[in-house]
Amino acid sequence: MSFYESVFVNVGIMIIIAQGVYVITGLTGLFSLGQSSFVAVGAYTAGFLATRFEMHPLLCILAGIVVSILVSFIIGIPSLRLRHVYFSLATIAYCYALQAILTVSETFGGSIGLVGVPVVTRWWHVVLGVVATVWIVRNFKLSRFGLACLSVRTDELAARTYGIQTFVSKQIAFSLASAISGLAGGLLAFNLGYLSPDMFTVPVSSEYLIMVFFGGLYSQTGAVLGAAALTVLMELLRTTAAWRMIAYSTIILIIILVRPNGLFGTWEFSLDSLNPRRRAKHGLAKGGEGV
Amino acid sequence: MFVQQLVNGISLGSMYALLAVGFAIVYNILGIVNFSHGATIALGAYCAYWLSTYLRLPLELSMVLSVTIAGLVSALIERITLHPLRRKGQPQIFFFIASLTVFNLVTAIIIYVSKANITSYPRTLIYGSIRMANVIVPKLDVLMLGIAVLSLLALSAVLYKTKIGLAIRCCSYDSRAAQLMGINPDLVIGTTFLLAGLLGGIGGALLGAKYAVYPELGDMVYRAFFACMVGGLGSLTGAIFGGLLIGLIETISNAYINAAISPAITFGLLVVILLVRPQGIAGKLVEDKI
């Protein structure tokens, strides 16, 4: 695999992860600092099945998604009752707990990690994953479930008054986000070939969150482009070696201070907006809250 | 054996309590989750290490200096990053992200300068241990507990006996009314961050002496966050209790179960506490939580 392909695969996986963060944080307004642990669930399930049972990679990734969804119910049912920062706290707890479990568990390679996963992810797999994820998230956002999530983000009490089951909406968004993270995890496992518990810590989750924020928290386009831009930036800064994390964080900080809404704010790309006549018809020219 | 672990737990918990109180005073006044507190924790440990190793200052002096640096850096972080957001009246989430980014930035700088090595101070802070019946307490633990108690007493003296302390308490009740009474909010918030930074610095420097000096020391901020929330939102006493509780659970699960699995047990228990007692152990009712 050439250098450019590996960069491309990284960018693709990051875009998928960012879509998951967008669903739970941008759309539903829940600050999850445990997103990396769902990536871990997907990655470890896929890696475990591939190394121990030598299953087909596709099946492994599917299994990773299913397990992520199951875990999202186990975590979501107690913690989604908590609001605001308390939910963030619960996700931090979950992230630490999972990391501890992975570190002690012999089955998953302990602190050394899971090694010997076949490296089979190619660029077209990632393209397929990205297209599927973006399409699903876009449709979810426009569906009534997505609108329910949006109303939960805007005003939870008002949403409840209008008969929206806020807990169910949150659980659906949480499970979708976990499934997407699980998919990204599976691709990651087959891209890297090894997994270790310290690849999925709370700071890593915070980096995902910052990535989505960079593009514009309330914009799906922003999530895609923010993730792509920051991952490419990270690769470009590779020449500066040790300075790169500092430069990277500084650039993000400046963007957050100068444009607190992120690069794209609530702006969404749509095919319609390219066509002036249809643009007028749909009233897209007016802009407004990204729905 | 159990008493022994209890003593260890209280000593570790007193450190967490210091960090949690620093976290809580900022939360009280601005209502923001200030992750940049983690940066001051890591700086507290690293500045002490750098000053004592490269400038060959005595360890005690470098610790005092590093705590001061941590406090000033904390106030500086507020001035550079959070102040512009506050002036524009941005929602809470921007503070959340901005402080997280600052935390990552400072960690990146520390990793760059220290080459990500795990090191320790040039000498042990204090040797020996005290023996009472069959309980052996390292003098370092006693010192940590003593410094924690003194710092918290000093903090409460500042908050309850001085004019700036009155202003801080006033702002945390109602910052708008405080402003109308002629209190300068920038000064008050700056001082609060300075105090929080000092507490973080003390915690960091001492944790560095107990364990080792490593870049991820700043991640203790997540424990402080937990202690602050489990203790009870908006209560400094609660934050102290929360810190002690985390220290105790962690030490006991380290000793009786398994050191590697102890984060899972600690954090699992904390979530259970949050669920059954959402108002926190200090008992101040916060309706907003559930």
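For the structure given in this document, a descriptive report is provided here. (Residues numbered from 1 in each chain as written. Chains lettered and ligands numbered in written order. Predicted model: local features only at pLDDT ≥ 70, side-chain atom pairs only at ≥ 80, totals over all residues. Heavy atoms only, no water.)

**Things to note about the overall build of chain A**
Note the threshold: Helix and strand definitions here come from DSSP, where helices need a minimum of 4 consecutive H or I residues and strands a minimum of 2 consecutive E residues; each element is numbered from the N-terminal end. Atoms considered for the radius of gyration are the C-alpha atoms alone. The globule rule reads 2.2 Å times the number of residues to the power 0.38. We call a residue buried when its accessible area falls under 20% of the maximum for its residue type, exposed when it is over 50%, and partly exposed in between, using a 1.4 Å probe and counting protein chains only.
Helix and strand content of chain A: twelve helices and two strands. Helices (α) and strands (β) of chain A occur, in sequence order from the N terminus, as α-α-α-α-β-α-α-α-α-β-α-α-α-α. Relative to the compact-globule value of 19 Å for 291 residues, chain A shows a C-alpha radius of gyration of 19 Å, a close match. Across its three principal directions, the C-alpha atoms of chain A cover 55 × 45 × 35 Å. For chain A, with 291 residues in total, the buried portion stands at 56%.

**Considerations on the overall build of chain B**
Note the cut-off: By the convention used here, residues are in contact when the closest approach between their heavy atoms is within 4.5 Å. Using a 1.4 Å probe, the Shrake-Rupley method yields the accessible areas, and only the shown protein chains count as cover for residues. For the purpose of counting charges, residues Lys and Arg are taken to be positive, whereas Asp and Glu are taken to be negative. His and the chain ends are not included. Charged side chains are reduced to one point each, which is NZ for Lys, CZ for Arg, CG for Asp and CD for Glu.
Within chain B one finds eleven helices and two strands. In sequence order, chain B lays out its α and β elements as α-α-α-α-β-β-α-α-α-α-α-α-α. What you see for chain B is a C-alpha radius of gyration of 19 Å, in line with the 19 Å of a compact globule of 290 residues. In terms of its C-alpha atoms, chain B occupies a principal-axis envelope of roughly 60 × 50 × 35 Å. For chain B, with 290 residues in total, the buried portion stands at 56%. A separation of at least 24 residues holds for 74% of the contacts in chain B among residues at least 6 apart in sequence. By element, 67% of the accessible surface of chain B is carried by carbon and sulfur atoms, the whole surface being about 12200 Å². Looking at charge distribution, chain B has the averaged site of its 18 positive side-chain charges lying 6 Å from that of its 10 negative ones.

**Points about the nonpolar core**
Heads up, the rule is: Side-chain atoms within 4.5 Å link the members of a nonpolar core, which is a set of buried Ala, Val, Leu, Ile, Met, Phe, Trp, Tyr and Cys residues.
Ranked by size, the top nonpolar core spans 181 residues in total, and within it F35, F96, Y121, Y222, F225 and F226 of chain B carry the most contacts. If you tally residues by element for this core, the top one is helix α1 (residues 2-30) of chain B, at 14 residues. Once you skip the residues sitting within four places of it in the chain, F225 of chain B turns out to touch V85, L89 and I92 of chain A together with F23, V33 and F35 of chain B.

**Regarding unusual backbone geometry**
Of note in this structure, E54 of chain A is not a glycine but carries a positive phi near 50°. Along the chain, E54 of chain A turns up in the loop between α2 (35-52) and α3 (57-79). On the basis of relative accessible area, E54 of chain A is assigned to the exposed category, the value being 67%. Non-glycine residue R56 of chain B carries a positive phi angle of around 55°.

**Here we look at the side chain of S36 of chain A**
All names here are of chain A. Secondary-structure assignment places S36 in helix α2. In this structure S36 comes out as buried when scored by relative accessible area, which is 0%. When residues no more than four places from it in sequence are discounted, the contact partners of S36 are C95, F200, T201, V204, S205 and Y208.

**Quick look at the packing of α2 of chain A against helix α9 (residues 202-215) of chain A**
All names here are of chain A. Convention followed: Axis lines are fitted to C-alpha atoms, over the contacting stretch for helices. Their N-to-C directions set the angle, which ranges from 0 to 180 degrees. Oblique is the label for every angle not falling under 35 degrees (roughly parallel), over 145 degrees (roughly antiparallel), or within 65 to 115 degrees (roughly perpendicular). In this count, Pro and Cys sit with the nonpolar residues alongside Ala, Val, Leu, Ile, Met, Phe, Trp and Tyr, while Asp, Glu, Lys and Arg are called charged and the others, Gly among them, polar.
Contact geometry of α2 with α9 gives a least axis separation of 7 Å together with a crossing angle of 110°. Between α2 and α9, the angle falls in the class roughly perpendicular. Of α9, the residues touching α2 (which contributes Q35, S36 and V39) are V204, S205 and Y208. Tallied by class, residues from the contact of α2 with α9 come to three nonpolar, three polar and no charged.

**Side note on a nonpolar patch on the surface**
Residue and element names in this part refer to chain B. Definition in use: Patch criteria: residues need more than 30% relative accessible area and no salt bridge. Like-charged residues are merged within 9 Å; nonpolar side chains of Val, Leu, Ile, Met, Phe, Trp and Tyr are merged within 5 Å. The salt bridge definition used is simple: a Lys or Arg side-chain nitrogen within 4 Å of an Asp or Glu carboxyl oxygen.
A surface patch of nonpolar side chains, amounting to about 960 Å² of accessible area, comprises M1, F2, L6, I10, L145, V149, L150, L153, Y256 and I257. Those elements giving two or more residues to the nonpolar patch turn out to be α1 and α5 (139-161). The biggest single contributor to the nonpolar patch is α5, with four residues.

**Description of the interface of chain B and chain A**
Stated formally: Here's the idea: put two parts together, see how much 1.4 Å probe accessible area each one loses, and the total over both is what we call buried area. Throughout this description, a polar contact denotes any pair of N or O atoms lying within 3.5 Å of each other; where both atoms belong to protein, one of them has to be capable of donating a hydrogen while the other can accept it, and for residues adjacent in sequence the pair is counted only when both atoms sit in side chains.
At the junction of the two partners, chain B supplies 39 residues and chain A supplies 40 residues. Buried area between chain B and chain A, summed over both chains or domains, comes out near 3700 Å², and the portion from carbon and sulfur atoms is 80%. Three residues, I97, Y112 and Y222 of chain B, lead the burial of chain B against chain A; their summed loss comes to 16% of the area buried on that side. Taken together, the links from chain B to chain A amount to zero residue pairs in polar contact (both at pLDDT 80 or more). Mapped onto the side of chain B that touches chain A, the elements with two or more residues apiece are α3 (59-87), α4 (92-114), α9 (220-231) and α11 (262-276) of chain B. When residues of the side of chain B that touches chain A are assigned to their parent elements, the largest contribution, 13 residues, is made by α4 of chain B.

**Description of α9 of chain A**
In an α-helix, one full turn covers 3.6 residues, which means residues spaced three or four apart are oriented alike. The line we're drawing: Each helix should span, by expectation, one fewer than its residue count multiplied by 1.5 Å.
The end-to-end C-alpha distance of α9 of chain A, which contains 14 residues, comes to 21 Å, matching closely the 20 Å that a straight helix rising 1.5 Å per residue would cover. For α9 of chain A, the buried fraction is high: 13 of the 14 residues fall into the buried class.

**A few points about empty space enclosed by the protein**
To keep things clear, this is the line we draw: Throughout, the protein atoms alone are placed on a 1 Å grid, and a set of points is a cavity if a 1.4 Å probe fits but cannot get out or a pocket if it is open with protein on both sides within 12 Å along at least five of seven lines; lining residues have an atom within 4 Å of a point. Grid points are joined across faces, edges and corners, and a volume is the space filled by probe spheres set on the points.
As enumerated under the stated definition, the model contains one cavity of 30 Å³ or more in all. Counted as a void, the largest cavity has a volume near 50 Å³. Looking at the largest cavity, the residues that line it are E207, I210, M245, Y248, S249 and I252 of chain A together with T101 and N104 of chain B. Breaking the lining of the largest cavity down by element, the ones donating at least two residues are α9 and α11 (244-258) of chain A together with α4 of chain B. Residue contributions to the lining of the largest cavity peak at four residues, all from α11 of chain A.

**Some words on the environment of L195 of chain A**
Residue and element names in this part refer to chain A. Along the chain, the position of L195 falls in strand β2 (residues 194-195). By relative accessible area, which is 0% here, L195 ends up buried. Each C-alpha atom, one on L195 and one on I112, is 8.5 Å from the other, the two residues being 83 residues apart in sequence. Not counting residues within four places of it along the chain, the set of residues in contact with L195 comprises A43, Y44, G47, I112, G113, L114, A189 and F200.

**Considerations on the packing of aromatic side chains**
Selection criterion: Centres within 6.5 Å make a pair out of two Phe, Tyr or Trp rings, where for Trp the six-membered ring is used; the pair is then stacked when the planes are under 30 degrees apart, edge-to-face when over 60, and tilted otherwise.
Per the counting criterion, the structure on display carries 22 aromatic pairs over all chains. Seen in terms of ring centroids, F8 of chain A and W123 of chain A are 6.4 Å apart; in terms of plane orientation they differ by 80°. Their pairing is edge-to-face. Taken as a pair, F8 of chain A in helix α1 (residues 3-27) and W123 of chain A in helix α5 (residues 123-142) lie far apart in primary sequence, 115 residues in all. A residue is classified by how much of its surface remains accessible, and F8 of chain A, at 40% relative accessible area, is partly exposed. Classification of W123 of chain A by relative accessible area gives partly exposed; the value is 42%. Taking the centre distance of 5.4 Å and the plane angle of 75° together, the rings of F213 of chain A and F94 of chain B count as edge-to-face.

**So, the pattern of salt bridges**
Summed over all chains, the structure comprises seven salt bridges over all chains. With a closest N to O distance of 3.2 Å, K170 of chain A and E156 of chain A form a salt bridge. One end of the pair, K170 of chain A, is in helix α8 (residues 166-192); the other, E156 of chain A, is in helix α7 (residues 156-161), with 14 residues separating them in the sequence. Like K170 of chain A, the residue E156 of chain A is buried in the burial classification. The partner of D186 of chain B in a salt bridge is R86 of chain B, with the nearest N and O atoms 3.4 Å apart. With D186 of chain B in helix α8 (residues 185-210) and R86 of chain B in helix α3, this residue pair connects regions lying 100 residues apart in the sequence. Beyond isolated ion pairs, a larger network of salt bridges with shared partners links E156, R160 and K170 of chain A.

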